[in-house]
Amino acid sequence: RAARIAREKGEPPKSIDAAKQELVEAISTFKNAQVVETKDRYVLAEFKDPLTGTVDDAEFLFSTDTPGLVNYRSAGRVKGGDDKRHRTRVRDLRKKLEGKGWRSVGRITG
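Residues numbered from 1 in each chain as written. Predicted model: local features only at pLDDT ≥ 70, side-chain atom pairs only at ≥ 80, totals over all residues. Heavy atoms only, no water.

Undergrad: I keep staring at the side chain of His 86 and nothing clicks. Help me out?
TA: Relative to the elements of secondary structure, His 86 occurs in helix α2 (residues 83–98). The residues touching His 86, leaving out its near neighbours within four places in the chain, are Asp 56, Ser 74, Ala 75 and Gly 76. (Helix = DSSP H or I, 4+ residues; strand = E, 2+ residues; numbered from the N terminus. Contact = heavy atoms within 4.5 Å.)

The structure is reproduced here in structure tokens:
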């Protein structure tokens, strides 16, 4: 899946650093979420279920080929996880970022 960091017509896309900061700030608003790794264009966050203690990972990779594009993956560490939980989490994260110009572009296939 991917999200596009929108911009006003004619404006250049946000820098990866600025967009990454927005993403990290949005993740930090979730209870039981922790950003565990950030690199040049990569963010890894862990989400811990308070009831079961299971940990899910969410990974975000900022594209260098397509400015303003962020690919993401959300998955449980234990097989047979709840896909609805992941969809809900990504939807909630997307809603937090919409006010900053982010929008979902769905699946992108090459």
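Let's pick the thread back up.
Undergrad: How do you make sense of the confidence of the model for the chain when you look at a structure like this?
TA: The predicted model of the chain averages 84 in pLDDT, with 83% of residues at 70 or higher. Strand β1 (residues 2–5) is the least confidently modelled element of the chain, averaging 63 in pLDDT, while strand β2 (residues 33–38) averages 97, the highest of any element. (pLDDT = per-residue confidence, 0-100.)

Undergrad: Looking at this structure, I do not really get the packing of aromatic side chains. What am I missing?
TA: The geometry of an aromatic ring pair is captured by two quantities: the separation of the ring centres and the angle between the planes. Under the definition given, this model contains three aromatic pairs. Aromatic pair Phe 62 and Trp 102: ring centres 6.4 Å apart, planes at 85 degrees, arrangement edge-to-face. With Phe 62 in strand β4 (residues 55–62) and Trp 102 in strand β6 (residues 102–106), the pair connects residues that are 40 residues apart, well separated along the chain. Given a relative accessible area of 2%, Phe 62 falls into the buried group. With a relative accessible area of 6%, Trp 102 lands in the buried category. For the cation-ring pair, Lys 96 lies above Phe 30, with the distance from its terminal atom to the ring centre recorded as 5.0 Å. (Phe/Tyr/Trp six-rings, centres within 6.5 Å; stacked < 30°, edge-to-face > 60°. Buried < 20%, exposed > 50% of the residue type's maximum accessible area, 1.4 Å probe, protein only. Lys NZ or Arg CZ within 6 Å of the ring centre and 35° of its normal.)

Undergrad: Is there a simple way to think about the pattern of salt bridges in this case?
TA: The tally for this structure, following the rule as stated, stands at eight salt bridges. Across the pair Asp 56 and Arg 89 runs a salt bridge, and its minimum N-O distance is 3.0 Å. Of the two residues, Asp 56 is situated in strand β4 and Arg 89 in helix α2; the sequence distance between them amounts to 33 residues. In this structure, Asp 56 and Arg 89 share a single accessibility class: buried. Sharing partners across several salt bridges, the network here consists of Glu 46, Asp 57 and Arg 77. (Salt bridge = Lys/Arg side-chain N within 4 Å of Asp/Glu carboxyl O.)

Undergrad: Got a minute to help me understand the nonpolar core in this structure?
TA: Most often, soluble globular proteins have nonpolar side chains that are buried together. In terms of nonpolar packing, the biggest core is built from 18 residues, with Leu 23, Ile 27, Phe 47, Phe 60, Phe 62, Leu 93 and Trp 102 touching the most fellow members. Where this core is concerned, the elements lending two or more residues are α1 (16–27), β3 (42–48), β4, β5 (69–76) and α2. Once residues lying within four places of it in the same chain are set aside, the contact partners of Ile 27 are Ala 33, Val 35, Val 43, Ala 45, Phe 47, Phe 60 and Leu 93. (Core = buried A, V, L, I, M, F, W, Y, C linked by side-chain atoms within 4.5 Å.)

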